[in-house]
Amino acid sequence: MKACRTTRLVSFFLLFFWLLIPGHIHGQQTSEQEKYHVDSTLFVYYQHCKAEIKSPSVMQMLDTLFLMAKEKGDLRMQAVAISSKTDHFYFGPSFEGQEDSLILYTNTIKDFARKTNQPQYYYFAWANRLITYYTKQKKLNLALYEANKMQQESESREEIDGMQNCYQALLRIYQSKELYKQATIYAQKLIDLTLKYNLNKYNLTNKYLELSNCYLRTNEPGKAWEALEESKLYISNELNQGAYLCGLLRYYIHTKDMVKARETLKETTQLFSKNTELRIKRATNLLEIETNYYIETGEYDKALEVFQQAFEKISQNGFITPTLYRTRGSIYTAKKDYQKAIESYEKAFELSDSLSSAQEDISVGEFATILGMEHLNLENKELIQKNQEIQLETRRHIIILLCIIVVIVGIMFFRETQLNKVLRRAKDAEQSASRMKTEFIQNMSHEIRTPLNSIVGFSQILSSKISEEDEESKEYTTIIEQGSNHLLQLVDNVLELSSLDSGTSIPTDTKVEINALCRQWMEKAKNSLKPGVDLVYQPGQDELHLYTNPGRLTQVVSHLLHNSARFTEKGSITLSWHINPKQRSLVISVTDTGIGIPQDKLDFVFERFAKIDTFSTGTGLGLALGRLIMEKMDGSLVLDDKYTEGCRFILTLPLKE
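About the thresholds
Residues numbered from 1 in each chain as written. Predicted model: local features only at pLDDT ≥ 70, side-chain atom pairs only at ≥ 80, totals over all residues. Heavy atoms only, no water. Phe/Tyr/Trp six-rings, centres within 6.5 Å; stacked < 30°, edge-to-face > 60°. Helix = DSSP H or I, 4+ residues; strand = E, 2+ residues; numbered from the N terminus. Buried < 20%, exposed > 50% of the residue type's maximum accessible area, 1.4 Å probe, protein only. Lys NZ or Arg CZ within 6 Å of the ring centre and 35° of its normal. Expected span 1.5 Å × (residues − 1). Contact = heavy atoms within 4.5 Å. Polar contact = N/O pair within 3.5 Å; in protein donor to acceptor, adjacent residues only side chain to side chain. Salt bridge = Lys/Arg side-chain N within 4 Å of Asp/Glu carboxyl O. Core = buried A, V, L, I, M, F, W, Y, C linked by side-chain atoms within 4.5 Å. Pairing = 2+ DSSP bridges. Axes fitted to C-alpha atoms, helices over the stretch in contact; angles between N-to-C directions. Patch = residues over 30% accessible without salt bridge, like charges linked within 9 Å, V, L, I, M, F, W, Y side chains within 5 Å. Areas by Shrake-Rupley, 256 points an atom, 1.4 Å probe, with all protein chains shown as cover. Parallel < 35°, antiparallel > 145°, perpendicular 65-115°, else oblique. Nonpolar A, V, L, I, M, F, W, Y, C, P; charged D, E, K, R; others polar.

> Explanation requested: the packing of aromatic side chains in the structure shown.
For any pair of aromatic rings, the description rests on two quantities: the centre-to-centre distance and the angle between the ring planes. The full count for this structure, using the stated rule, is 18 aromatic pairs. On the basis of an interplanar angle of 10 degrees and a centroid distance of 6.0 Å, the ring pair of Tyr-208 and Tyr-234 is categorised as stacked. Separated by 26 residues along the polypeptide, Tyr-208 in helix H11 (residues 204–217) and Tyr-234 in the loop between helix H12 (221–232) and helix H13 (238–254) bring together distant segments of the chain. Note on Phe-311 and Tyr-325: the rings are 5.8 Å apart at their centroids and 65 degrees apart in plane angle, and the pair reads as edge-to-face. Of this pair, Phe-311 sits in helix H16 (residues 300–316) while Tyr-325 sits in helix H17 (residues 322–334); the two residues are 14 residues apart in sequence, bridging distant segments of the chain. Tyr-325 matches Phe-311 in its accessibility class, with the two residues each being buried. Members of the aromatic cluster, connected to one another through ring pairs, are Phe-89, Phe-95 and Tyr-105. The side chain of Arg-129 reaches across the aromatic face of Tyr-90, ending 4.8 Å from its centre.

Structure, rendered in structure tokens:
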């Protein structure tokens, strides 16, 4: 019975001191500033905000700190400014709406920390402010609910800061609920996490001591001793040493080894008397263990004296529980002061009833809150699921549409492939036919040219041998000679068209002076003029050198001048040229005042074997051959449809550098 009471008292004092100690430990100003490389202006202003953390005016000061940090691009100090608002509501005096304000700013810092990738602030505010607040207010179900959410999130994201904070929070919650088996699990997890990731080992002694205490509460002294031995390895200062001695004293009291307990108590008391920091932070902890020691040794007067000292310290913080009154009642009972024992037990029962009633109200409120949260979560999940279904349906439609498009494209590709095969076969057949035609024309032309040359030669011989008096014979030989020349010209034109159609290129790399070339054309054309027709030359400038093919150009222009001479009975034939500066081209025109060409025949005359007057001489290939030659030379040959006094042919050639 005594051991049970002792263990309860130990648990209570541990919980009490954990709640009194803030979760956020700050170092010296200079070391903190150097560690985090904080701007000096921001750091000084932040220290000013810390000093006023309980004042309502600190909220505006923290807004100013946030804006200052934002201007300097310091994301960490922005997070500190928001996080400090949770400090204000956590450490400040209680008021209506305190919990809602704490929740609001916890969510605010969580959102900011997640967006800026600062998980340490995300989990610190959640665990050490919101969850700790719930634990202090005895809203343990809400605290457990939030801690479990934190555990799921941090473990799924593999975020060490989150796991460390949630394991610590779950340890405290299960200690408060007196579920020490579960508390042991999270105490061990916290230690394993610290060792695995080589985290800050400054508090590792205290973590092992907490584990040891949990093992004592589950009556596993062997494991408690192992944890105590491990805690010794990480003692780095007298504060750790004092905590270790308190844990060791608690172990000896639990195992009834009072001899070692007395020695340990003496050593602990001496250490505390020398160290001011220990007396401030651990005095009450030592007093409660010392009380248990004197109860176990039957020294009830000393137990009562030490208990009263601890009771006064706890009363100053307003944290009195039924366990304290029951402990005092058990001491008075042992001293056989039954009247005071009854008074202590009555106060314990009254406080217990009051706390039970309050706890029931808190539990009802907690479950209502949790139910509301779960309802909101359920609605959120339903909305997410509905949105996912819509997205899935949209994706399904897109996939179907893509499949249809793929099928259509496949069909089109197949048809195009088949059409290309047909076109390729047709092209091959056309090329084959073109080659055969060209070969046939070349062969036939050769076969025709040989006898024609013979006919022309013999007709010339006959004409020379016939006397001037035999006019009839001379006329016949002249007709034979003209017909043969005409047929030779036809064969030459056909051969040339066939050659150009087969892809023969025309080089244009010969440099000439255009005026000299035009004068040659004029001299040649004079022999074809009819009486009364003037031949006029209009150059664009005195001299122009260009790169072209003079032979082909002479062939085309001479044919145009010859045609003009044939169909012009009176008036004039004009050869002119000028430069088109915009198109960088040479424009040559042959203009006559002859019979002209009807408007509906302007394109027809450029077709092969095209003749407006079927009874006139000529092959009908000259203009077609001329246009083809000009196109091969990157130029053009057209009729001017605006000129109505006869015909005007216009040649265009690009000027090459």
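There is more to say, and it comes next.
> What exactly am I supposed to notice about helix H6 (residues 98–115) here?
Residue pairs spaced three or four apart in an α-helix point in one direction, given the helix's 3.6 residues per turn. Here H6 is 18 residues long and its end C-alpha atoms lie 26 Å apart, about the 26 Å a rise of 1.5 Å per residue gives. Within H6, burial applies to Gln-98, Glu-99, Ser-101, Leu-102, Tyr-105, Thr-106, Ile-109, Lys-110, Phe-112 and Ala-113. Turning to H6, the residues buried within the fold contact helix H4 (58–71), helix H5 (75–91), helix H7 (119–136) and helix H8 (140–157). Asn-117 sits one or two residues past H6 and shows a positive phi near 55 degrees.

> It is not clear to me how the environment of Leu-586 should be interpreted in this structure. Could you clarify?
Note on placement: Leu-586 falls in strand S5 (residues 585–592). Remark: the alpha-carbon pair of Leu-586 and Leu-653, spanning 67 residues in sequence, is separated by 5.1 Å. Sequence-distant contacts of Leu-586, that is, excluding residues within four places in its chain, are made with Ile-514, Leu-544, Leu-546, Trp-577, His-578, Leu-651, Thr-652, Leu-653 and Leu-655.

> So what exactly am I meant to see when it comes to the side chain of Arg-129 here?
Note on placement: Arg-129 falls in helix H7. In terms of polar contacts, Arg-129 uses its side chain to reach the side chain of Asp-87, at 2.5 Å.

> Explanation requested: unusual backbone geometry in the structure shown.
The phi dihedral of Lys-138 falls on the positive side, at around 65 degrees, and the residue is not glycine. You can see Lys-138 is positioned in the loop between H7 and H8. A positive phi angle is found at Asn-198, which is not glycine, with a value near 55 degrees. One can find Asn-198 in the loop between helix H10 (180–196) and H11. Asn-198 gets classed as exposed once you look at its relative accessible area, which sits at 57%.

> It is not clear to me how the pattern of salt bridges should be interpreted in this structure. Could you clarify?
Inspection of the entire model under this criterion finds 21 salt bridges. Between Arg-129 and Asp-87 there is a salt bridge whose closest N-O contact spans 2.5 Å. Here Arg-129 is found in helix H7, whereas its partner Asp-87 is found in helix H5, with 42 residues between them in sequence. Judged by relative accessible area, Asp-87 falls into the buried class, the value being 9%. Connected via shared salt-bridge partners are Arg-114, Glu-153, Arg-157 and Glu-159.

> Which parts of the structure should I look at to understand the nonpolar core?
Buried together is how nonpolar side chains tend to be arranged in soluble globular proteins. Of all hydrophobic cores here, the largest spans 100 residues; its most connected members are Met-77 and Ile-131. Val-533, Leu-544, Val-557 and Leu-637 belong to the second largest nonpolar core, which has 40 residues in total.

> Just checking my understanding: could you explain the sheet that holds S5 for this structure?
Hydrogen bonding along the main chain pairs the strands of a sheet, whether they run parallel or antiparallel. An order of S2-S4-S5-S7-S6 is seen for the 5 strands of this open sheet, with the pairing classed as mixed. Where the open sheet ends on each side, the last strands, each with one partner, are strand S2 (533–538) and strand S6 (636–639). Here the strands of the sheet are splayed against their neighbours by 15 degrees on average, with no regard to which way each runs. Running at roughly 140 degrees to S6, helix H22 (residues 622–632) makes contact with S6 and strand S7 (647–654) of the sheet.

> What should I look at first to understand the environment of Glu-645 in this one?
The topology assignment puts Glu-645 in the loop between S6 and S7. Sequence separation of Glu-645 and Gly-596 is 49 residues, and the distance between their C-alpha atoms is 7.1 Å.

> Can you help me understand a nonpolar patch on the surface in this one?
A contiguous nonpolar patch, built from Ile-398, Leu-401, Leu-402, Ile-405 and Val-409 and spanning about 440 Å² of accessible area, is present on the exposed surface. Of note, Leu-402 is situated in helix H18 (residues 338–465).

> Looking at this model, I keep getting lost on the packing of H7 against helix H9 (residues 160–176). Mind explaining?
Packed helices, taken two at a time, are described by their axes: the angle between them and the distance between them. Where H7 contacts H9, the two axes come as close as 8 Å, and the packing angle between them is 10 degrees. Taken together, the axes of H7 and H9 lie roughly parallel to each other. In contact with Pro-119, Gln-120, Tyr-123, Phe-124, Ala-127, Asn-128, Ile-131 and Thr-135 of H7, H9 contributes Asp-161, Gly-162, Asn-165, Ala-169, Ile-173 and Ser-176. When its residues are assigned to classes, the contact of H7 with H9 shows 7 nonpolar, 6 polar and 1 charged.

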